[in-house]
Amino acid sequence: MNPNTLSKVALWVLFIGSLVSLVLFNTMGTTAVETASGTQAVVQVPNFLDGFIFWADAVVILALALLVIFAIKTVASDPKGAVGGIIGIALFALLLVVCFFASGETQDFTRIVNGETQVIELFWMKAIDMWCYSIFALIGITVALIVLFPILRAIKVIK
């Protein structure tokens with residue numbers, strides 16, 4: 001299969017899967033949650049939080065694997081063209097770091113499901129926030145580019 005076709009298929013799978021997981025993540029249900037004082041309260045939480053965490057982990061691993069594969073293929077076939085890819089990878093890594101630190105204050109999330117206490121640690125809560133923020137940022141950047149490119153071409157700033 002052509003690398004460009006494979007790349008487009010992978011991007012569409014990641015995009016559609018991320019949108020589906022965001023929709024599922026935002027469907028709320030009630031669950032018992034332990035508060036900081038040790039008491040229990042019933043709160044609205046995502047029904048599919050475990051699925052969202054699993055999807056986020058799977059997507060990050062898949063994205064990193066595809067990134068390495070395509071980087072190796074690009075360097076092998078066009079070393080000069082690989083510079084743009086390396087810059088793209090660096091910008092994406094920078095976006096993830098910024099989104100991770102922009103996620104703000106959070107704490108371990110403890111919930112009780114079917115009588116079993118489950119704890120989602122601080123790092124994973126921040127990683128979920130990072131993933132959501134990076135999706136929002138990438139969608140915003142894409143929309144901005146779709147809007148700006150025709151305008152910049154019309155005023156002949158770019159060819």
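Coordinates for the structure precede this section.
## Examining the nonpolar core
In terms of nonpolar packing, the biggest core is built from 12 residues, these being Leu14, Leu22, Phe52, Ile53, Ala56, Val59, Ile120, Met125, Ile128, Trp131, Cys132 and Ile135. Elements with a minimum of two residues in this core: α1 (3-25), α2 (49-77) and α4 (122-154).

## Here we look at α4
Helix length check: α4 (33 residues) gives 48 Å between terminal C-alpha atoms against 48 Å at 1.5 Å per residue, within 8%. Helix geometry: α4 is bent most strongly at leucine 148, by close to 25 degrees, with proline proline 150 lying one to four residues after it. The set of residues buried in α4 consists of Met125, Lys126, Ala127, Ile128, Met130, Trp131, Cys132, Ser134 and Ile135.

## So, the side chain of lysine 126
Looking at the secondary structure, you find lysine 126 in helix α4. Despite its burial, lysine 126 pairs with no opposite charge; the closest candidate is aspartate 129, at 6.7 Å N-O. Of note is the side chain of lysine 126, whose polar atom sits 3.5 Å from the backbone oxygen of phenylalanine 100.

## A few points about helix α3 (residues 82-102)
Between the first and last C-alpha of α3 there are 30 Å, a value that for 21 residues agrees with the 30 Å anticipated at 1.5 Å per step. Ala82, Leu95, Leu96, Cys99 and Phe100 are the residues of α3 that are buried. The buried residues of α3 occupy one face: seen down the axis, they fall within an arc of 135 degrees. Exposed and facing more than 90 degrees away from the buried side of α3 are Ile86, Leu91, Phe101 and Ala102.

Reading the values: the criteria
Numbering of residues starts from 1 in every chain and runs along the sequence as written. With pLDDT at 70 or above as the cut-off, local features in this predicted model cover only qualifying residues; side-chain atom pairs require 80 or more to be listed or tallied, and sums for whole chains, interfaces and linings still use all residues. Note that the side-chain values use all heavy atoms of the structure and ignore hydrogens as well as water. By nonpolar core is meant a set of buried Ala, Val, Leu, Ile, Met, Phe, Trp, Tyr and Cys residues that side-chain atoms within 4.5 Å join together. Summary of the burial criterion: residues with accessible area below 20% of their type's maximum are buried, those above 50% are exposed, and those between are partly exposed, where the area comes from a 1.4 Å probe applied to protein chains only. To qualify as a helix, a DSSP run of H or I must reach at least 4 residues; to qualify as a strand, a run of E must reach at least 2; elements of each kind are numbered from the N terminus. Under the convention used throughout, the expected extent of a helix is 1.5 Å for every residue step, that is, one less than its residue count. Bend at a residue means the angle formed by two fitted axes: the first through the 7 residues ending at that position, the second through the 7 residues beginning there. The charge count includes Lys and Arg as positive and Asp and Glu as negative, but it does not include His or the ends of the chains. The working definition used for a salt bridge is a side-chain nitrogen of Lys or Arg within 4 Å of a carboxyl oxygen of Asp or Glu. Polar contact is the term for a pair of N or O atoms within 3.5 Å; when the atoms are in protein, one must be able to donate a hydrogen and the other to accept it, and sequence-neighboring residues count only if both atoms are side-chain atoms. Here the arc refers to the set of directions running from the helix axis out to each C-beta atom.

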